[in-house]
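In case you want the letters, here they are:
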Amino acid sequence: MGREIRGGLVSVSEVKEMVLESGTLVSVREIAGLSETSIQSARSMTARWKKSEKIFALKVGRKNYFPLYALDPQSNFKPLPSIHQIIKILSVKMGPWQMAFWFICASRFLQGKTPSVLVSSDPDLVIASAKFEIDGWLH
């Protein structure tokens, strides 16, 4: 059975497939390489981020994957500060897979761009878009 996501019916398996094919996810091992830390350190770091909702993780098999667009290359691949706010907003109605899907979908609110593309350059606009996604015209 499909779930309504952004005005259309998309099954959970289709959401997962689209997110996985988007090329926007990285493993703990990849984060370790990007941030030039050990895998153990990266594992500990990402666990803390996830627990404090600074980032969300997608479980695939036994591995966690994280959205690369949520990590800031300017701060040694730590989560962008705006991601925490966006997670707080979206988690009211979405789980991690739906959030990941939202980030990769083009939005009329963002003039046809995706939140993943704009989150580092215009975080306030993406936060407003997240509020609009959840509350509609109330914001």
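The coordinates are above.
Residues numbered from 1 in each chain as written. Predicted model: local features only at pLDDT ≥ 70, side-chain atom pairs only at ≥ 80, totals over all residues. Heavy atoms only, no water.

Enquirer: For the packing of helix 4 (residues 81–90) against helix 7 (residues 123–135), give the residues involved together with the corresponding values.
Expert: Where helix 4 meets helix 7, the axes come as close as 9 Å, and the angle between the chain directions of the two elements is 5°. Comparing their axes, helix 7 and helix 4 come out roughly parallel. In this structure, helix 4 contributes S82, Q85, I86, I89 and L90 to the contact, and helix 7 contributes P123, V126, I127, A130, K131, E133 and I134. Tallied by class, residues from the contact of helix 4 with helix 7 come to eight nonpolar, two polar and two charged. (Axes fitted to C-alpha atoms, helices over the stretch in contact; angles between N-to-C directions. Helix = DSSP H or I, 4+ residues; strand = E, 2+ residues; numbered from the N terminus. Parallel < 35°, antiparallel > 145°, perpendicular 65-115°, else oblique. Contact = heavy atoms within 4.5 Å. Nonpolar A, V, L, I, M, F, W, Y, C, P; charged D, E, K, R; others polar.)

Enquirer: Which residues make up the pairing of strand 5 (residues 63–67), and what values go with them?
Expert: Of the pairings in the sheet, the one linking strand 3 (residues 25–27) to strand 5 comprises three bridges and is antiparallel in character. Considered in strand 5, the bridge of L25 is made with P67. Taken together, the three bridges between strand 4 (residues 58–60) and strand 5 define a ladder with antiparallel strand orientation. The residue bridging L58 from the neighbouring strand is Y65, located in strand 5. What sits between strand 4 and strand 5 in their antiparallel hairpin is a turn of two residues, with G61 showing a positive phi close to 65°. (Pairing = 2+ DSSP bridges.)

Structural measurements only, silent on function.
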